[in-house]
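Single-letter residue listing:
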Amino acid sequence: MKSDICSACGSSKIMHEMRIVDFGHGNAKKDLSIEIKTTDNVFFNKFEKGALKAQICGSCGKVDLSVNNPQELWQAYLKTKSL
Ligand SMILES: [Zn+2]
């Protein structure tokens, strides 16, 4: 889904692979992520995570989000249905 042309305004000022961070405790930077719980224990559950990457248009500001590991997330998603 990588494109060098903005789907909204047609500009070619596209910034790729931009990190989206959240500032946690003590201003620690964390990648904003998708999280899927793949076990249903009371403690110590496993999670599949996928950091969000943004593609941003430098003209109109449109932001497209994607993850680098869609297959892993899809498998985890299927797993949650059987919990
Ligand atoms: Zn644009």
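Residues numbered from 1 in each chain as written. Predicted model: local features only at pLDDT ≥ 70, side-chain atom pairs only at ≥ 80, totals over all residues. Heavy atoms only, no water.

## A word on the overall build of the protein chain
No. 1: In terms of regular secondary structure, the protein chain is built from 1 helix and 6 strands.
No. 2: The helix and strand sequence of the protein chain, counted from the amino end, reads β-β-β-β-β-β-α.
No. 3: Its C-alpha radius of gyration of 16 Å places the protein chain more than 25% over the 12 Å reference for a compact globule of 83 residues.
No. 4: Looking at the protein chain residue by residue over its 83 residues, the buried ones come to 19%.
No. 5: In the protein chain, once contacts between residues fewer than 6 apart in sequence are set aside, the share between residues at least 24 apart is 44%.
No. 6: Taken as a whole, the protein chain presents about 6300 Å² of accessible surface, with 54% of it coming from carbon and sulfur.
No. 7: Charge separation in the protein chain, taken as the distance between the mean sites of 12 positive and 9 negative side-chain charges, equals 2 Å. (Helix = DSSP H or I, 4+ residues; strand = E, 2+ residues; numbered from the N terminus. Rg over C-alpha atoms; globule rule 2.2 N^0.38 Å. Buried < 20%, exposed > 50% of the residue type's maximum accessible area, 1.4 Å probe, protein only. Contact = heavy atoms within 4.5 Å. Areas by Shrake-Rupley, 256 points an atom, 1.4 Å probe, with all protein chains shown as cover. Lys, Arg positive; Asp, Glu negative; His and termini not counted. Charge placed at Lys NZ, Arg CZ, Asp CG, Glu CD.)

## Brief notes about the pattern of salt bridges
No. 1: Applying the stated criterion to the full structure yields 3 salt bridges.
No. 2: With its nearest N and O atoms 2.8 Å apart, the salt bridge here joins Asp31 to Arg19. Taken together, the residues Asp31 in strand 3 (residues 29-31) and Arg19 in strand 1 (residues 14-19) connect sequence positions 12 residues apart.
No. 3: Exposure remark for Asp31: the relative accessible area of 32% places this residue in the partly exposed category.
No. 4: A relative accessible area of 52% places Arg19 in the exposed class.
No. 5: Of the charged contacts in the structure, one is a salt bridge between Asp40 and Lys37, with a shortest N-O distance of 3.9 Å.
No. 6: On the accessibility criterion, Asp40 (56% relative accessible area) is exposed. (Salt bridge = Lys/Arg side-chain N within 4 Å of Asp/Glu carboxyl O.)

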